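# A structural walkthrough
So you can see what is in the structure, the chains are spelled out below.
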Protein chains: 2
Amino acid sequence: MKDKVKIAVNGYGVIGKRVADAVRLQGDMELSGICDVVSDWRVKVAAHKRYPVFAFDSASQEQMAKAGIQVQGTLTDLLKSCELVVDCTPKKIAAQNIEKYQEARLKFIVQGGEKHETTGHSFSAENNYDTALGRESTRVVSCNTTSIIRTLTALKKAGLLKRARGTLLRRATDPWESHLNGIINTLVPEPEIPSHQGPDAQSVDPELDVITAAVKVPETLSHLHYWNVQLTREASKEEVLQAFSNSSRIAMISYGDGLSANNTVKELMLSLNRPYGDMYEVALWQDMLKVVGSELFFAYLVDNQAIVIPETIDAIRALTRLEENAQASIQKTNAALGIRQGAFI
Amino acid sequence: MKDKVKIAVNGYGVIGKRVADAVRLQGDMELSGICDVVSDWRVKVAAHKRYPVFAFDSASQEQMAKAGIQVQGTLTDLLKSCELVVDCTPKKIAAQNIEKYQEARLKFIVQGGEKHETTGHSFSAENNYDTALGRESTRVVSCNTTSIIRTLTALKKAGLLKRARGTLLRRATDPWESHLNGIINTLVPEPEIPSHQGPDAQSVDPELDVITAAVKVPETLSHLHYWNVQLTREASKEEVLQAFSNSSRIAMISYGDGLSANNTVKELMLSLNRPYGDMYEVALWQDMLKVVGSELFFAYLVDNQAIVIPETIDAIRALTRLEENAQASIQKTNAALGIRQGAFI
């Protein structure tokens, strides 16, 4: 096992800035630097945090310098100083960067916006850490897919999962850009059923019988999923709750505790001093959960900005073989990020 | 058969004002008057339309007179001049009025906010018109339940329905009061699964195997339902669409036609010169609808302000035996209100 692995983060947006922060919190990782193409407040924050800042190319390097940002060089320079790149550039841009990573003979991780084929492997820590060990690259699946894998894997491990059907209420846009892409006073269904998240979950676990439908809703806090699961047999509510609680990144919330909506759960995360009010866990309503015969009904929240961060950290450990054991990596990540298992409070 | 039946509308709110307008459009009904307790713009509109206005009691009569509204008398007076009362007062108030209707030996209809037990009969035109014939009273089920009955009855009549599971996205509040009860930037799940709509649908048709979960979303236009239905057998998409099209109050919409969200469908209704932009039909996305083996997935919109209006008109005909045949009543109502079957445009 190595001591510390040097990590570069390419793309310092919603995910990239969180990955950079998370890398800094791991005892076995070092942040070589971050790279972006813009030169506004977003990158200035990175400089303010004393993260080594690199520019995507010489043109953006010039812009950053003009904006008073201390630039260490370009992406090419950054790639010389690291062992693994986490690509957090916008959807479909990563595909163009991959060639550079491969030329520099670097391991790399892309995010869920990219296609499975870009790496040939899709990652979710509790489900398939082992198959990522030592690979050159992987794709950390998207926020929604991550939540699906976590919850259905928990049921699968308990021998309860037969078939899952979900309706996904997707936050309209991310908070930082809600002045640009917001919708108000309407709902926007995705035109096709199944929506992409079901098939995407199968890119991690082809055995899952899962079909999803999705709709955009006018809020920016988190996604909300409603599930109807056909169990393999009749089960008690307690048995199902126990299956979920065995998962390392599912935490229970209670309507009866006043956690009755997305905003209250967000406020709880802020009250727990989470950075950005981030919620890495799937927050599952335990009192709402209902078992009817061999059918299970439940709902949970997904923080689309945060849920993939611990997964990305685990993916780094798997690719670099920093840690051979999935649960050992998960426990390290959870401890570093303050992730709660079972319940938040 | 009688010639014209005299109808009173008690409660001139979101539903009451629409029922009054709809009664006026029927060749076999006459509006005796409307009754309310407030004396602001809402009732002034009724006076402006030259509807006979009655006050709930002498205190409200005095208030109305002060506000310059020409008042014909109190509810007691109105009840003397009609044969049937449609109660459109707020949730749970109707239960207190029923005694008055019974004392006046009047037939009456209550809305879906009341309990099934208040009348012992719950009504949805295409499902159980016959069982309401000549009854003293009935309850027109709520907007969501009406849509559930319509769609599931269509599948049932085609011999396709086995089991239905739905996720309901409920508009946060009605437009007229959205300055009072709105939610912004959050989602509010109902604390219990199943939500009340599933059992409510069984108050009309106990045979339905239906379970629902519901969540409030920050918009005011309409409800959006997502359904997963277990069919009795494998079926083609065309067969399912045909089953829905056989229903008299389901109209198809297409994502491919630009009708991609609640707001565009609302704008279509306004463009069709519907009063208030009302949509009496269930608007079902035909291109989104998907059949996977013997499972059916689909989504549709429900105009919570309008969908029960034609049902209420049919309920009047059933109770008063103005029309013995369900389809004959439905066709009269549909013609009077301009309801489209199959497609809007």
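Here the residue index of a chain counts from 1 through its sequence in written order. Chains and ligands are labelled sequentially in the order written, the chains with letters from A and the ligands with numbers from 1. Totals for whole chains, interfaces and linings use all residues, but because this is a predicted model, local features are given only for residues with pLDDT of at least 70 and pairs of side-chain atoms are given and counted only at 80 or more. Note: side-chain values were computed over all heavy atoms of the structure, leaving out hydrogens and water.

## Examining unusual backbone geometry
I193(A) connects to P194(A) through a cis peptide bond whose omega is -5 degrees. You will see that R321(A), though not glycine, has its phi angle at about 55 degrees, which is positive. Tracing the chain through its elements places R321(A) in the loop between α12 (308-320) and α13 (326-337). Here's how the labels work: a residue is buried when its accessible area is under 20% of the maximum for its type, exposed when over 50%, partly exposed in between, all with a 1.4 Å probe on protein chains only. Accessibility expressed as a relative area gives 38% for R321(A), which makes it partly exposed. At K92(B), a residue that is not glycine, the phi angle is positive and equals roughly 75 degrees. Considering the arrangement of structural elements, one finds K92(B) in the loop between β5 (84-87) and α5 (94-103). Exposure remark for K92(B): the relative accessible area of 56% places this residue in the exposed category. We count a stretch as a helix when DSSP gives it H or I for four or more residues in a row; a strand needs E for two or more, and each element gets its number in order from the N terminus.

## Considering the pattern of salt bridges
Salt bridge, as applied in this entry: a Lys or Arg side-chain nitrogen positioned within 4 Å of an Asp or Glu carboxyl oxygen. Taken as a whole, this structure holds 40 salt bridges over all chains when the rule is applied. Between D21(B) and K49(B) there is a salt bridge, and its shortest N-O distance comes to 3.1 Å. In this pair, D21(B) is assigned in helix α1 (residues 16-24) and K49(B) in the loop between α2 (41-48) and β3 (53-55), connecting sequence segments 28 residues apart. Overlapping salt bridges bring together D28(A), R150(A), R249(A), E311(A), D314(A) and R317(A) as one network.

## Topic: the relation of the copies chain B and chain A
Least squares is the method used to superpose the copies, on C-alpha atoms of residues holding a pLDDT of at least 70 in both. Placing chain B over chain A gives an RMSD of 0.0 Å and needs a rotation angle of 180 degrees, together with 0.0 Å of translation along the axis. The superposition operator between the copies reduces to a two-fold rotation axis. We call two residues in contact when some of their heavy atoms are within 4.5 Å. Most of the interface of chain B is mirrored in chain A, where 100% of its interface residues again form contacts.

## Topic: the pairing of strand β2 (residues 29-36) of chain A
Remember that side chains alternate between the two faces of the sheet whenever the strand is regular. All names here are of chain A. Summarising burial for β2: seven of the eight residues are buried, a large majority. In terms of strand pairing, strand β1 (residues 5-10) meets β2 through six bridges, oriented parallel. What sits directly across from N10, in β2, is C35. You can see the chain leave β1, run along helix α1 (residues 14-24) and come back into β2, and the turn it takes is right-handed. Think of it this way: DSSP has to see at least two bridges between two strands before they count as a pair. Pairing between β2 and strand β3 (residues 53-55): three bridges, direction parallel. Its bridge partner being in β3, C35 is matched across the sheet by F54. Whether a crossover is right-handed depends on one test, that the path from the first strand over the helix to the second runs clockwise when the strands point away from the viewer.

## Brief notes about the sheet that holds strand β4 (residues 73-74) of chain A
Residues and elements named next belong to chain A. Read from one edge of the open sheet, eight strands run β4-β3-β2-β1-β5-β6-β8-β7, paired in parallel fashion. The open sheet is flanked by β4 and β7 (122-123), the only strands paired with a single partner. Both β1 and strand β5 (residues 84-87) contribute to a ladder of four bridges, which runs parallel. Counted as the bridge partner of N10 is D87 from β5. Against the sheet, helix α5 (residues 94-103) makes contact with β1, β5 and β6 (107-110), and its axis sits at roughly 170 degrees relative to β6, the strand it touches most. For every element, the axis is a line fit to its C-alpha atoms; helices are fit only across the contacting stretch, and the angle between N-to-C directions ranges from 0 to 180 degrees.

## With respect to the interface of chain B and chain A
Between chain B and chain A, the residue contacts involve 39 residues of the former and 39 residues of the latter. Counting the surface lost from both chain B and chain A, the interface buries some 3300 Å², and carbon and sulfur atoms represent 66% of this. Remark: the boundary between chain B and chain A carries two salt bridges. Among the ionic pairs, E295(A) bridges to R165(B), the shortest N-O distance being 2.7 Å. Elements represented by at least two residues in the side of chain B that touches chain A include exactly β9 (161-171), β10 (188-189), β11 (210-217), β12 (223-231), α11 (262-271), β15 (290-292) and β16 (295-302) of chain B. Ranked by residues supplied to the side of chain B that touches chain A, first place goes to β11(B) with five residues. Ten residues, namely Ala, Val, Leu, Ile, Met, Phe, Trp, Tyr, Cys and Pro, are considered nonpolar, four, namely Asp, Glu, Lys and Arg, are considered charged, and the remaining ones, Gly among them, are considered polar. Among the residues forming the side of chain B that touches chain A, the class breakdown is 23 nonpolar, nine polar and seven charged. When two parts are put together, the accessible area they lose, computed with a 1.4 Å probe and summed over both, is reported as buried area.

## Notes on the sheet that holds β3(B)
Residue and element names in this part refer to chain B. Ordered in space as β4-β3-β2-β1-β5-β6-β8-β7, the eight strands form an open sheet in which the pairing is parallel. If you trace the sheet from one side to the other, it starts and ends with β4 (73-74) and β7 (122-123), each paired once. In the packing of α5 onto the sheet, contacts are made with β1 (5-10), β5 and β6 (107-110), and the angle to β6 comes to roughly 170 degrees.

## So, the pairing of β5(B)
All names here are of chain B. Across the two faces of β5 the burial is the same, with L84 and V86 and V85 and D87 all buried. When β5 meets β6, the two strands line up parallel, connected through three bridges. If you follow V86 over to β6, its bridge partner there is I109. Note that the unit made of β5, α5 and β6 has a crossover that is right-handed.

## Brief notes about the environment of V188(A)
Relative to the helices and strands, V188(A) is located in strand β10 (residues 188-189). Among the residues examined, V188(A) registers a relative accessible area of 22% and is labelled partly exposed. Spatially, the C-alpha atom of V188(A) lies 8.8 Å from that of A172(A), the residues being 16 residues apart in sequence. Those residues in contact with V188(A) that sit more than four places away from it in its chain are I183(A), V215(A), K216(A), Y255(B), S260(B) and A261(B).

## A few points about the domain arrangement of chain A
Residue and element names in this part refer to chain A. When its domains are assigned, chain A resolves into domain 1 (5-140 + 308-338) and domain 2 (143-307). Segmentation into domains, and thus their bounds, comes from an automatic or database assignment. For domain 1 versus domain 2, the distance between C-alpha centres works out to 26 Å. Residue-level contacts link 28 residues of domain 1 with 24 residues of domain 2. Summing both partners gives a buried area of about 2100 Å² for domain 1 against domain 2, and 45% of it is carried by carbon and sulfur.

## Some words on the confidence of the model for chain A
How sure the predictor is of each residue is captured by pLDDT, a score from 0 to 100. When the pLDDT values of chain A are averaged, the result is 95; 99% of them are 70 or greater. We note a pTM of 0.92 for the whole complex and an ipTM of 0.89 for its interfaces.

## With respect to the packing of aromatic side chains
Pairs were defined over the aromatic rings of Phe, Tyr and Trp, the Trp ring being its six-membered one, requiring ring centres within 6.5 Å. Orientation was assigned from the angle between planes: stacked under 30 degrees, edge-to-face over 60, tilted for the rest. A full pass over the atoms with the stated rule returns 11 aromatic pairs over all chains. Ring geometry for Y101(B) versus F108(B): centroids 5.6 Å apart, planes at 45 degrees, classification tilted. Across the pair, exposure class does not vary: Y101(B) and F108(B) are buried alike. Each residue in the set F244(A), F298(A) and Y300(A) is aromatic and connected to the rest through ring pairs, giving one cluster. The residue whose ring lies beneath R18(A) is Y276(A), and the NZ or CZ to ring-centre distance is 4.2 Å. We call a charge positioned over a ring when the NZ of a Lys or the CZ of an Arg lies within 6 Å of the ring centre and within 35 degrees of the ring normal.

## Considering the packing of helix α7 (residues 143-157) of chain B against helix α9 (residues 197-204) of chain B
Each pair of packed helices can be summarised by the angle the axes make with each other and by the distance between the axes. Residue and element names in this part refer to chain B. It is the contact of α7 with α9, at a shortest axis distance of 9 Å, that shows an interaxial angle of 60 degrees. Classed by the angle they form, the pair α7 and α9 counts as oblique. Handedness of the crossing formed by α7 with α9: right-handed. On the side of α7, the interface is formed by N144, T145, I148 and I149, while α9 contributes Q197, D200, A201 and V204. Among the residues making up the contact of α7 with α9, the classes are represented as four nonpolar, three polar and one charged. Reported orientations rely on four angle classes, namely roughly parallel under 35 degrees, roughly antiparallel over 145, roughly perpendicular from 65 to 115, and oblique for the rest. Handedness of a helix crossing follows the sense of rotation of the near helix relative to the far helix, less than a right angle counterclockwise being left-handed and clockwise being right-handed.

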